[in-house]
Amino acid sequence: MSFVETETASQPSCWRRAAALAGDHEETLPAAGERVAVVGCGTSFYMAQAYASLREGSGQGETDAFAASEFPFGRGYDRVVALTRSGTTTEVLDLLTRLKGTTRTVALTADPNTPVRAAADDLVVLDFADERSVVQTRFATTVFTLLRAHLGLHTEEAVRDAGTALAEPLPEGLLEATQFTFVGRGWTVGLANEAALKMKEASLSWTESYPAMEYRHGPISIATTGTATWMFGAAPEGLADQVRATGALWVESGLDPLADLVRVQRLAVARAVAAGIDPDRPRHLTRSVVLDEG
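First things first, this report covers the structure right here in the doc. The structure presented is a predicted model; accordingly, all values stated were derived computationally and were not measured. (Residues numbered from 1 in each chain as written. Predicted model: local features only at pLDDT ≥ 70, side-chain atom pairs only at ≥ 80, totals over all residues. Heavy atoms only, no water.)

### Quick word on the sheet that holds strand 9 (residues 249–251)
Move 1: Reading across from one edge, 7-6-8-9 is the order of the four strands in this open sheet, with parallel pairing throughout. What marks the edges here is a single partner per strand, and that holds for strand 7 (207–211) and strand 9. Strand-to-strand twist in this sheet, taken as the mean axis angle between neighbours without regard to direction, amounts to 20 degrees.
Move 2: As paired elements, strand 6 (residues 179–184) and strand 8 (residues 227–231) share five bridges and run parallel to each other. Counterpart to glutamine 179 in the pairing with strand 8 is threonine 227. (Pairing = 2+ DSSP bridges. Helix = DSSP H or I, 4+ residues; strand = E, 2+ residues; numbered from the N terminus. Axes fitted to C-alpha atoms, helices over the stretch in contact; angles between N-to-C directions.)

### Quick look at the packing of helix 8 (residues 188–203) against helix 10 (residues 257–275)
Move 1: The interhelical angle for the contact between helix 8 and helix 10, taken along N-to-C directions, is 15 degrees, at an axis separation of 8 Å. Considering the angle they form, helix 8 stands roughly parallel to helix 10. Here helix 8 runs over helix 10; the crossing is right-handed. The residues of helix 10 that touch helix 8, namely those facing Thr188, Leu191, Glu194, Ala195, Lys198, Met199, Ala202 and Ser203, are Pro257, Leu258, Leu261, Val264, Gln265, Leu267, Ala268, Arg271 and Ala272.
Move 2: Across the contact of helix 8 with helix 10, the residue classes tally to 11 nonpolar, three polar and three charged. (Parallel < 35°, antiparallel > 145°, perpendicular 65-115°, else oblique. Left-handed = near helix turned anticlockwise from the far one by under 90°. Contact = heavy atoms within 4.5 Å. Nonpolar A, V, L, I, M, F, W, Y, C, P; charged D, E, K, R; others polar.)

Structure, rendered in structure tokens:
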């Protein structure tokens, strides 16, 4: 069994542990009403998108998400939240260092014994969710669960749904699909982006992602027999019928959207195994992107 399979399967227990820790970080994580920016790279950036939308949408304060390399230094924020599994990603460290002494920063990481300890003002450590696989699964969803619980929006139902996502068979036809489009609305747009990345990384699948309403404005032209469109959360009225009319496979569920992401993680591994690809070691990728300044 690959590392990523084991790590994917551990998510329900990781989520419960993270939710229980949320109350320990009342002073560290953003307070209601603060203007906040959330940053990350790759998977962490997409989870930042999901959290930013969820926080602002729940009325807890203006919240933006940026790739760490694209942070707008001309804007003012009460706090900057950085998501970094390794604590060594170049763009995140550069950003935190530049903000030192001007904006309060907090980093959520799996490894506190890295340069991020000195770069950030505050640290939240989720070492129990660290991973050996290059491909992120449980760390990303566990960080999101902690942040969601801090907003008061986490439920035990999400954990139970994750168990269901791990136990139920995947929908038929997905292993053979030639192309995948993931769509979402509100905070689940970030999950759709992460789902597309996960499938690319682990199984080299052809994927795209869009806000669900934007999918009608051109991208649906790619849908046909043999492709799949996967919806996170409730779909816009009529979209499912439009996709099915193209001959494409329509995928949705009544699970919590974060738990539905677990199904995509499982699919990515299954497709990798079927293709003879090592899902733990995607080509051209490393656990942390550290840029050579020389």
